[in-house]
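Here's the letter readout for the chains.
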Amino acid sequence: RIMYLLLQAKTPLCICELIDVLHKPQYNISRCLTILKEADLVEEERDGRILLHSPLYNSLNKLIFESINAIDIRENADLYIDIENLKERLALRENGKVVVTYNK
């Protein structure tokens, strides 16, 4: 689900945004991001004190990302809800910058 969100977002996401979208504990999101980073599927960049995550585009990951993007969210309720939550969370950004908050 995290990889799908990172691909669909079209912008790097911070962990607080993923926590708010997925309604999962910080520990779980961090652990998954670490696994994705170690698998060379995700890259990180720092924007001040914020660590942003985005897909690591390269020829090796192309097929994986194409397969993930091919998922029909109309047939997956969790992903559909995730995308709706992502739209709401990204709307909180100010001038394209992450607003750090944890929605309950």
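A brief report on the enclosed structure follows. (Residues numbered from 1 in each chain as written. Predicted model: local features only at pLDDT ≥ 70, side-chain atom pairs only at ≥ 80, totals over all residues. Heavy atoms only, no water.)

### Observations concerning the nonpolar core
Counting residues in each nonpolar core, the largest one holds 23 residues, and the members touching the most others are Ile-2, Met-3 and Leu-5. Sorting the residues of this core by element identifies helix 1 (2–9), helix 2 (15–22), helix 3 (26–38), helix 4 (62–69) and helix 5 (77–90) as the ones contributing at least two each. Per element, the largest residue contribution to this core is 7 residues, and it comes from helix 1. Apart from residues lying up to four places away in sequence, Met-3 is in contact with Leu-36, Leu-41, Val-42, Pro-55, Phe-65 and Ile-68. Counting residues in each nonpolar core, the second largest holds 5 residues, with Cys-14, Cys-16, Ile-50 and Val-98 among its members. (Core = buried A, V, L, I, M, F, W, Y, C linked by side-chain atoms within 4.5 Å. Buried < 20%, exposed > 50% of the residue type's maximum accessible area, 1.4 Å probe, protein only. Helix = DSSP H or I, 4+ residues; strand = E, 2+ residues; numbered from the N terminus. Contact = heavy atoms within 4.5 Å.)

### What to know about the state of the cysteines
Within the structure shown, the criterion is met by 0 disulfides. Distance from the sulfur of Cys-32, which forms no disulfide, to the nearest cysteine sulfur (Cys-14) is 16 Å. (Disulfide = S-S within 2.5 Å.)

### Quick word on the packing of helix 1 against helix 5
Their axes nearest at 11 Å, the elements helix 1 and helix 5 cross at an angle of 50 degrees. In terms of orientation, helix 1 lies oblique with respect to helix 5. Crossing handedness for the pair helix 1 and helix 5: right-handed. Side by side, helix 1 and helix 5 meet where Tyr-4, Leu-5, Gln-8 and Ala-9 of the first sit next to Leu-79, Asp-82, Ile-83, Leu-86 and Leu-90 of the second. For the contact of helix 1 with helix 5, the class distribution of residues is 7 nonpolar, 1 polar and 1 charged. (Axes fitted to C-alpha atoms, helices over the stretch in contact; angles between N-to-C directions. Parallel < 35°, antiparallel > 145°, perpendicular 65-115°, else oblique. Left-handed = near helix turned anticlockwise from the far one by under 90°. Nonpolar A, V, L, I, M, F, W, Y, C, P; charged D, E, K, R; others polar.)

### Notes on the pairing of strand 2 (residues 42–47)
As paired elements, strand 2 and strand 3 (residues 50–55) share 6 bridges and run antiparallel to each other. Among the inter-strand pairings, Asp-47 is bridged to a residue of strand 3, identified as Ile-50. Following strand 2, the chain reverses through 2 residues before pairing antiparallel with strand 3; Gly-48 in that reversal takes a positive phi of roughly 65 degrees. (Pairing = 2+ DSSP bridges.)

### Looking at the pattern of salt bridges
With the rule as written, the count across this model stands at 8 salt bridges. With a closest N to O distance of 3.0 Å, Arg-74 and Asp-72 form a salt bridge. (Salt bridge = Lys/Arg side-chain N within 4 Å of Asp/Glu carboxyl O.)

### Quick look at helix 2
Judged by how many residues are buried, helix 2 sits mostly within the fold: 7 of 8 residues are covered. Among all positions in helix 2, only Cys-16, Glu-17, Leu-18, Ile-19, Asp-20, Val-21 and Leu-22 are buried. Downstream of helix 2 by a residue or two, His-23 has a phi angle that is positive, lying close to 55 degrees.

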